[in-house]
Amino acid sequence: MDSFTINKVAGAILGTFLLLFVINMVSEQIFPETESHGAVNAQAEAPAEGTESAASTDAPATAELSLVAALAAGNADNGSKVFKKCVACHAVDAAAGNKIGPNLHDIVGRKVASAAGFGYSPAMTGHGGEWTDANLDKYLTNPKAAIPGNKMAFAGLKKQADRADVILYLRANSPKAPPLPKK
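Because the structure is a prediction, the values reported are computed rather than measured. (Residues numbered from 1 in each chain as written. Predicted model: local features only at pLDDT ≥ 70, side-chain atom pairs only at ≥ 80, totals over all residues. Heavy atoms only, no water.)

**Focus: the overall build of the protein chain**
Secondary structure assignment for the protein chain yields nine helices and zero strands. Order of helices (α) and strands (β) in the protein chain, N terminus to C terminus: α-α-α-α-α-α-α-α-α. Taken over 183 residues, the protein chain has a buried fraction of 31%. Carbon together with sulfur atoms contributes 62% to the accessible area of the protein chain, which is approximately 11100 Å² in total. (Helix = DSSP H or I, 4+ residues; strand = E, 2+ residues; numbered from the N terminus. Buried < 20%, exposed > 50% of the residue type's maximum accessible area, 1.4 Å probe, protein only. Areas by Shrake-Rupley, 256 points an atom, 1.4 Å probe, with all protein chains shown as cover.)

Encoded structure:
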């Protein structure tokens, strides 16, 4: 095989993976997950006929819980499932190293843009601060809006329950993380 044929085959394979990735992202937007995340989604779900819901009397159906309440109601095991959207670019195992994105082991409490050996964008290196629960929540909601100009090509996690679960999963993989906030 000559190099032109090899390039065509490689291009076709890469193009196929890119197309599948785009289809997956579009389908997630069209067909959102309906899996329940306990109390965090209770406000958004309609109560079964003939039952009462405490959430319906306390707040509007679209209101989100505070981050502290969402973390208290969250589940790191669910977070590991949601994190599967991230594994193409990130790892959380300490020994895994960086991928397309930085390794996220011990990210909670770590300075922004501080993973050893990863080439961050100028937007990330110039941002400063550290990855607190609140900063992770804001970033995971919409990475491009949270830090304009960063290289992360992910639309974000729109459901607060998903973000809280992922933060708890990242905390489970962050031995140096500060304690969860009380209020």
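**Here we look at helix H7 (residues 133-141)**
Considered for burial, the residues of H7 that qualify are Asp133, Leu136, Asp137, Tyr139 and Leu140. Buried residues along H7 sit against helix H4 (67-73), helix H6 (122-127), helix H8 (143-146) and helix H9 (160-172). (Contact = heavy atoms within 4.5 Å.)

**Here we look at the pattern of salt bridges**
All told, the structure shown has three salt bridges when counted by the stated rule. Linking Asp106 and Lys176 is a salt bridge whose minimum nitrogen-to-oxygen distance equals 3.8 Å. A residue pair is termed long-range when its members are at least 10 positions apart, and Asp106 in the loop between helix H5 (76-82) and H6 and Lys176 in the segment after H9 qualify at 70 residues. Residue Asp106 is classed as buried on the basis of its relative accessible area, which comes to 12%. Across the salt bridge formed by Asp137 and Arg163, the nearest N and O atoms sit 2.7 Å from each other. Residue Asp137 is located in helix H7, and its partner Arg163 is located in helix H9; the two are separated by 26 residues in the primary sequence. Per residue, the accessibility class of Asp137 equals that of Arg163, and both read buried. (Salt bridge = Lys/Arg side-chain N within 4 Å of Asp/Glu carboxyl O.)

**Here's the deal with the nonpolar core**
One finds Phe83, Ile107, Met124, Trp131, Leu136, Val166 and Leu170 to be the most contacted residues of the largest nonpolar core, which totals 28 residues. At the level of secondary structure, the elements contributing two or more residues to this core comprise H4, H7 and H9. Ranked by the residues each element gives to this core, the list is headed by H9, at six residues. Those residues in contact with Leu136 that sit more than four places away from it in its chain are Ile107, Val108, Trp131, Ile167 and Leu170. (Core = buried A, V, L, I, M, F, W, Y, C linked by side-chain atoms within 4.5 Å.)

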